[in-house]
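# Residue-level structure breakdown
Spelled out, the chains give:
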Amino acid sequence: MNDVFKALADPTRRAILEMLRDRAMSAGDIAACFTLAKPTLSGHLGVLLAADLVHRERIGTTLVYHLKLSVLEEAWLRLASTMRLGKDAPPCSTDTAPASPSR
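Residues numbered from 1 in each chain as written. Predicted model: local features only at pLDDT ≥ 70, side-chain atom pairs only at ≥ 80, totals over all residues. Heavy atoms only, no water.

### A closer look at the nonpolar core
Ile16, Leu20, Ile30, Leu45, Leu48 and Leu53 are the most contacted members of the largest nonpolar core, which has 18 residues in total. Elements supplying a minimum of two residues to this core: α1 (2-8), α2 (11-22), α4 (38-50) and β3 (62-67). For this core, the leading source of residues is α2, giving four residues. Once residues within four sequence positions are removed from consideration, isoleucine 30 is found in contact with Ile16, Met19, Leu20, Met25, Leu41, Leu45 and Tyr65. (Core = buried A, V, L, I, M, F, W, Y, C linked by side-chain atoms within 4.5 Å. Buried < 20%, exposed > 50% of the residue type's maximum accessible area, 1.4 Å probe, protein only. Helix = DSSP H or I, 4+ residues; strand = E, 2+ residues; numbered from the N terminus. Contact = heavy atoms within 4.5 Å.)

Structure below.
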């Protein structure tokens, strides 16, 4: 799961995932949207593949990338669970709450 969060930490990789949310795209179509060197873009795609956020399909000589939404959903659910998102905050007793500093 750490690979997923590492992949999501980069704004270029998040932009690629956003583009793939709408449709599958060839590596050339993705490259046309960025002003990155091809090896740099290839590295980003490699990180997304390693994190299992995308899968790649070869059609003839073209590589087509697809978003794997299930992995993103799992990452979101784990994060939400860890952060207790969507759950009531744990009760806090006023006896144990730290006093606010006086000014």
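So much for the structure itself; the text now carries on.
### Remarks on the side chain of histidine 44
Looking at the element boundaries, histidine 44 is found in helix α4. Accessibility expressed as a relative area gives 11% for histidine 44, which makes it buried. Side chain to side chain, histidine 44 and arginine 13 meet in a polar contact 3.1 Å long. With sequence-adjacent residues up to four places away left out, histidine 44 is seen in contact with Asp10, Thr12, Arg13, Ile16 and Leu36. (Polar contact = N/O pair within 3.5 Å; in protein donor to acceptor, adjacent residues only side chain to side chain.)

### Quick word on the pairing of β3
Bridging between strand β1 (residues 25-26) and β3 involves two bridges; their strand directions are antiparallel. When the sheet's bridge partners are listed, serine 26 is paired in β3 with valine 64. Across six bridges, strand β2 (residues 54-59) lies against β3 in antiparallel orientation. Counterpart to histidine 55 in the pairing with β3 is histidine 66. What sits between the antiparallel neighbours β2 and β3 is a turn of two residues, in which glycine 60 has the positive phi angle 65°. (Pairing = 2+ DSSP bridges.)

Distances and angles like these do not, on their own, reveal function.
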